[in-house]
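Descriptive analysis of the structure
Below are the chains, spelled out letter by letter.
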Amino acid sequence: MPASRLMPVSRPMPVFCGIVPPHLLDRLARAGDPAVAAAARRTLVADAAHRTGRRLTTVTGAPPPAQEVVPGPQRTLYDAGNRTVLPGTRVRSEGDGPVRDATVNRAYAGLGATFELLLTAYGHDSIDGAGLPLDATVHYGEDYGNAFWNGEQMVFGDGDGEIFLDFTGPVDVIAHELAHGFTQHSANLAYFGQPGALNESVSDVFGSLVKQYTLGQTADRADWLIGAGLLAPGVGGVALRSMKAPGTAYDDDVLGKDPQPATMADYVRTGRDNGGVHINSGIPNHAFHLLAVQLGGKAWERAGRIWYDTMTSGGLRADASFTDFAGETVAAATARYGRGEEREAVVKAWSQVGVRAE
Amino acid sequence: MRIQVRRTGGFAGIERVRAMDTSGRPDAQEWHALAEQAMRDGRDSPPAGVPDGFRYQLTVDGRTVYCADPRLSEAQRKLITRLLKEGA
């Protein structure tokens, strides 16, 4: 672990002091995207608290010797220059100030927000739990209407401007891609059929959780949309997926209608899209939404914790079916919270989408 | 020559199919050369691909091969890009 990643601070509040210059955070805090702005404001508050702590330390003497080291992100942003060679030209590294390109700065902030949720909510250091550097390439391809995880890094296209806008726009899209890295380094769910739909769903779950975390929202106030702000003006839709109401995110002449089922009764059998990984993910997505709303409060706390535990416990097989996954979430809820309301809510949520979880 | 591309997957999971018949086109020879090279670079079964990456099926005169982002040959990328723009 490079020394630059190590910042001695006192628990319990991890802060990423010195990584993001306050002037950038000030600007981000006034940014158009409320999620990015909120994340920046939170960090500013945390930084201010930390600086106060340092001043107090100066006045009151040396800190106690047993300091804990809190990790920070190691982000590197690359620009593909509308070509398809990865990773492209390095344009911003960890600790660098903002650049002129807003796309680069959005991706940088989105990676930071995802890192922060994983660390503060679950004590997970980066996506592999061991401080993996976070690399991302923007401006991939020409009018490229997609974003993907290539096994090592995130890749974002600019969109064609007619259907899709810049894929670094919504923070949940950035977090979704990064969560594919988290899944690869934890349960490593196969990217086909039901395990593939679970892989997709876990990315949507943590994508939405990062958005809710940056906005400081409770489960009942969140929009539970994936890709809100990604569709160009004129396209008939609010987002690409809805965890609250799968199948209702868009209905458009060019795009067609959102094909996601909310329950097993409407499960789609198809060979396309790796066996419908982006279609049937609506079912576990909806189960998570139901659980989070049932438990109330901040979704990343108990509901997110149960999903996180499920992915990292070692009990989930790479070829897990929906039923297998549901069973593991019940086991995770029981292990962490006992046989109380959390376990009951997990069983009920799965039952509501037609998956038996015992 | 009838050339078709079917793109599936991607973050949105939205399918797109475009095709064209090159007969009578002034640039038919160019399309033929591009399509033949793209087919030679293709695989008989779908490659694993990457999470959220686009998957492609290229079909030329009834024969189909597969490829996936980001590992496309230059001919495949060029053919797919042009066909998705210009095909019907």
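This one's a predicted model, so the numbers in the text were calculated from it and none came from an experiment.

Each value, and the rule that gives it
Residues numbered from 1 in each chain as written. Chains lettered and ligands numbered in written order. Predicted model: local features only at pLDDT ≥ 70, side-chain atom pairs only at ≥ 80, totals over all residues. Heavy atoms only, no water. UniProt positions renumbered as here; feature names shortened; annotations may be inferred. Helix = DSSP H or I, 4+ residues; strand = E, 2+ residues; numbered from the N terminus. Contact = heavy atoms within 4.5 Å. Buried < 20%, exposed > 50% of the residue type's maximum accessible area, 1.4 Å probe, protein only. Domains from an automatic or database assignment. Buried area = accessible area lost by both parts, 1.4 Å probe. Salt bridge = Lys/Arg side-chain N within 4 Å of Asp/Glu carboxyl O. Polar contact = N/O pair within 3.5 Å; in protein donor to acceptor, adjacent residues only side chain to side chain. Nonpolar A, V, L, I, M, F, W, Y, C, P; charged D, E, K, R; others polar.

The sites that UniProt annotates as "domain: Peptidase M4 C-terminal" (unreviewed entry) are residues 187–355 of chain A. A distance of 20 Å separates the end C-alpha atoms of residues 187–355 of chain A, which is 48% helix and 5% strand.

A separate point is the environment of Val104(A). All names here are of chain A. As for its position among the elements, Val 104 is in helix α3 (residues 102–122). Considering only alpha carbons, one finds Val 104 and His 176, 72 residues apart in sequence, at a separation of 17 Å. Once residues within four sequence positions are removed from consideration, Val 104 is found in contact with Leu 77, Val 91, Arg 92, Val 99 and Val 138.

Residues and elements named next belong to chain A. With nine of eleven residues buried, helix α8 (residues 302–312) is to be regarded as a mostly interior element. Along α8, the residues classified as buried are Ala 303, Gly 304, Arg 305, Ile 306, Trp 307, Tyr 308, Asp 309, Thr 310 and Met 311. One or two residues past the end of α8 sits Gly 314, with phi positive at roughly 90 degrees.

Bringing the domain arrangement of chain A into the picture now. Residue and element names in this part refer to chain A. Looking at chain A, the domain boundaries give domain 1 (16–61 + 71–169) and domain 2 (193–352). On the domain 2 side, the residues contacting the 20 residues of domain 1 number 21 residues. The largest share of the area that domain 1 buries against domain 2 comes from Leu 117, Tyr 122 and Ile 163, three residues that together contribute 37% of it. Our count for the domain 1 to domain 2 interface comes out at zero salt bridges. In this structure, the connection of domain 1 to domain 2 is made through seven residue pairs in polar contact (both at pLDDT 80 or more). Elements with a minimum of two residues in the side of domain 1 that touches domain 2: α2 (34–60) and α3. For the side of domain 1 that touches domain 2, the element with the most residues is α3, which contributes seven residues. Considered class by class, the residues forming the side of domain 1 that touches domain 2 number twelve nonpolar, four polar and four charged.

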